[in-house]
Amino acid sequence: MTVFAMPVFDATVIYEGQELFKGQGAAKGWAEKLARELETEVTVEKIGTGWALCGQVDGVACQWGILGQRLKRLD
């Protein structure tokens, strides 16, 4: 199953209309899963009161948050 289809049951916060991970630990766990899926480095970054996943896909910088218990690109 693709990581993008897996439900995200971790606590979230809303910051400037974006749903982000509430805790750094949960974000790191999902960053590891996403890195394995995309075969690239994925890190976590504090955005306001939450945490987003950050990486590059095809040379383009991307950030991921959550939408409806699924990972979603923010940009």
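You'll find the structure just up there.
Residues numbered from 1 in each chain as written. Predicted model: local features only at pLDDT ≥ 70, side-chain atom pairs only at ≥ 80, totals over all residues. Heavy atoms only, no water.

*Asks:* Mind showing me how you'd approach the overall build of the protein here?
*Replies:* Within the protein, the regular secondary structure consists of one helix and six strands. Taken from the N to the C terminus, the helices and strands of the protein come in the order β-β-α-β-β-β-β. Here the C-alpha atoms of the protein give a radius of gyration of 11 Å, agreeing with the 11 Å that 2.2 N^0.38 yields for 75 residues. Contacts in the protein between residues at least 24 apart in sequence constitute 44% of all its contacts with a sequence separation of at least 6. A total accessible area of about 4400 Å² is found for the protein, and carbon and sulfur atoms account for 50% of it. Side-chain charges of the protein comprise 8 positive and 10 negative groups, with the mean position of each set lying 6 Å from the other. (Helix = DSSP H or I, 4+ residues; strand = E, 2+ residues; numbered from the N terminus. Rg over C-alpha atoms; globule rule 2.2 N^0.38 Å. Contact = heavy atoms within 4.5 Å. Areas by Shrake-Rupley, 256 points an atom, 1.4 Å probe, with all protein chains shown as cover. Lys, Arg positive; Asp, Glu negative; His and termini not counted. Charge placed at Lys NZ, Arg CZ, Asp CG, Glu CD.)

*Asks:* Looking at this structure, I do not really get the nonpolar core. What am I missing?
*Replies:* Nonpolar side chains in soluble globular proteins tend to end up buried together. F21, W30, L34, L53 and L71 are the most contacted members of the largest nonpolar core, which totals 16 residues. Elements supplying a minimum of two residues to this core: α1 (24–38), β3 (42–47), β4 (50–57) and β5 (60–67). Ranked by the residues each element gives to this core, the list is headed by α1, at five residues. Once residues lying within four places of it in the same chain are set aside, the contact partners of L53 are F21, A27, W30, A31, L34, V42, T43, V44, C62, Q63, W64 and L71. Counting residues in hydrophobic clusters, the runner-up holds five residues, among them V13, L20, I47 and L74. (Core = buried A, V, L, I, M, F, W, Y, C linked by side-chain atoms within 4.5 Å. Buried < 20%, exposed > 50% of the residue type's maximum accessible area, 1.4 Å probe, protein only.)

Geometry only, nothing functional implied.
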